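Now for the letters of each chain:
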Amino acid sequence: MHLAYVMTETRGATDRLLTALAEALDAKGIRLAGIVQSNTECSDDTLCDMDVRVLPAGETIRISQSLGAGARGCRLNPEALESAVGQVTASLHAEPQPQVLIVNKFGKHEADGRGMRPVIGEALAQGMVVVSGVNKMNVEAFQGFSDGMAVEGATDLEALVAWVDQSLSAG
């Protein structure tokens, strides 16, 4: 099993790292599946809009929703996330099969057994290399999900690409 998670300290850095990883792997001709996230700062709010792009070159889906000025709840739009999950799940069965699954974040949805969690499991069962972002709030749930078999990936792009290359070579 080749499963790595990445955590960064700076807001948005994990999203940027995984997007750069997807671009670097795509440039090398490695077949990708998954989603990467981009955030757009909103001028009228302190929170950003969150979009995911389905890999390798699929649809961009807004996964955040506005809950109003005083709202405190999670801004994730579960229907939008599930749309992305459906597209990624379908891509796992494409020919030729993807080699690497990139998941923007193992978040609360995944910790609760939903979202991209079943996709990660399916990709691993098919022998794919998987790289996922994780935040500190959900790292324990991720480690439990991976049964301690995941490695903490580098936060340096070159080192992360090297890990993927090595994992692909190891089969």
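Conventions adopted
Residues numbered from 1 in each chain as written. Predicted model: local features only at pLDDT ≥ 70, side-chain atom pairs only at ≥ 80, totals over all residues. Heavy atoms only, no water. Salt bridge = Lys/Arg side-chain N within 4 Å of Asp/Glu carboxyl O. Helix = DSSP H or I, 4+ residues; strand = E, 2+ residues; numbered from the N terminus. Buried < 20%, exposed > 50% of the residue type's maximum accessible area, 1.4 Å probe, protein only. Expected span 1.5 Å × (residues − 1). Arc of directions from axis to C-beta. Contact = heavy atoms within 4.5 Å. Polar contact = N/O pair within 3.5 Å; in protein donor to acceptor, adjacent residues only side chain to side chain. Pairing = 2+ DSSP bridges. Core = buried A, V, L, I, M, F, W, Y, C linked by side-chain atoms within 4.5 Å.

Novice: How should I be thinking about the pattern of salt bridges in this particular structure?
Specialist: Note that side chains of opposite charge can pair when their charged atoms are close. Applying the stated criterion across every chain yields a total of five salt bridges. With a closest N to O distance of 3.3 Å, K136 and E9 form a salt bridge. Highlighted residues: K136 in the loop between β6 (129-134) and α5 (139-145) and E9 in the loop between β1 (2-6) and α1 (13-27), separated in sequence by 127 residues. Comparing K136 with E9, the two get one shared label, exposed. Here R114 and D112 are joined by a salt bridge, their closest N and O atoms 3.9 Å apart. For D112, a relative accessible area of 40% gives the class partly exposed. Here the salt bridges do not stand alone but share partners, grouping K108, D112 and R114 into one network.

Novice: So what exactly am I meant to see when it comes to helix α2 (residues 78-91) here?
Specialist: Each α-helix winds once per 3.6 residues, and so residues spaced three or four apart point in a common direction. Taking 1.5 Å per residue, 14 residues should reach 20 Å; α2 reaches 20 Å between its end C-alpha atoms and fits that length. Along α2, the positions that sit buried rather than exposed are A80, L81, A84, V85, V88 and S91. Axial view of α2: buried residues confined to an arc of 145°, hence all on one face.

Novice: Explain helix α6 (residues 157-170) here, please?
Specialist: Between the first and last C-alpha of α6 there are 20 Å, a value that for 14 residues agrees with the 20 Å anticipated at 1.5 Å per step. L160, V161, W163, V164 and S167 are the residues of α6 that are buried. All buried residues of α6 project into a common sector of 155° when viewed along the axis, lining one side. α6 presents E158, Q166, S169 and A170 as exposed residues on the side facing more than 90 degrees away from its buried surface. Turning to α6, the residues buried within the fold contact β1, α1, β5 (100-106), β6 and β7 (151-152). Among the residues of α6, the N-terminal cap falls to D156, whose side-chain oxygen and the backbone nitrogen of E158 are separated by 3.3 Å. G171 occupies a position one or two residues after α6 and carries a positive phi of about 80°.

Novice: Would you explain the pairing of β5 in this entry?
Specialist: Each regular strand shows side chains that alternate between the opposite faces of the sheet. Counting buried positions along β5 gives six out of seven residues, so the element sits mostly inside the fold. Pairing between β5 and β6: five bridges, direction parallel. The partner of V103 across the bridge, within β6, is S132.

Novice: Looking at this model, I keep getting lost on the nonpolar core. Mind explaining?
Specialist: The nonpolar side chains of a soluble globular protein tend to be buried, and buried together. Within the largest apolar cluster, 30 residues are counted, with the highest numbers of intra-cluster contacts made by I35, L101 and I120. At the level of elements, β1, β2 (32-41), β3 (48-55), α2, β5, α4 (117-125), β6 and α5 are the ones that each hand at least two residues to this core. At five residues, α2 tops the list of elements feeding residues into this core. Those residues in contact with L101 that lie beyond four places of it in its chain are A33, G34, V88, L92, V119, I120, A123, V129, V130 and V131.

Novice: Whenever I open this one, unusual backbone geometry confuses me. Can you help?
Specialist: Note the cis peptide between L55 and P56, where omega equals 10°. Here P56 shows up in the loop between β3 and β4 (60-62). For the bond running from E95 to P96, omega is -5°, close enough to zero to count as cis. Positionally, P96 belongs in the loop between α2 and β5. With a phi angle near 55°, D147 is a residue other than glycine that sits in the positive phi range. Among the secondary structure elements, D147 is positioned in the loop between α5 and β7.

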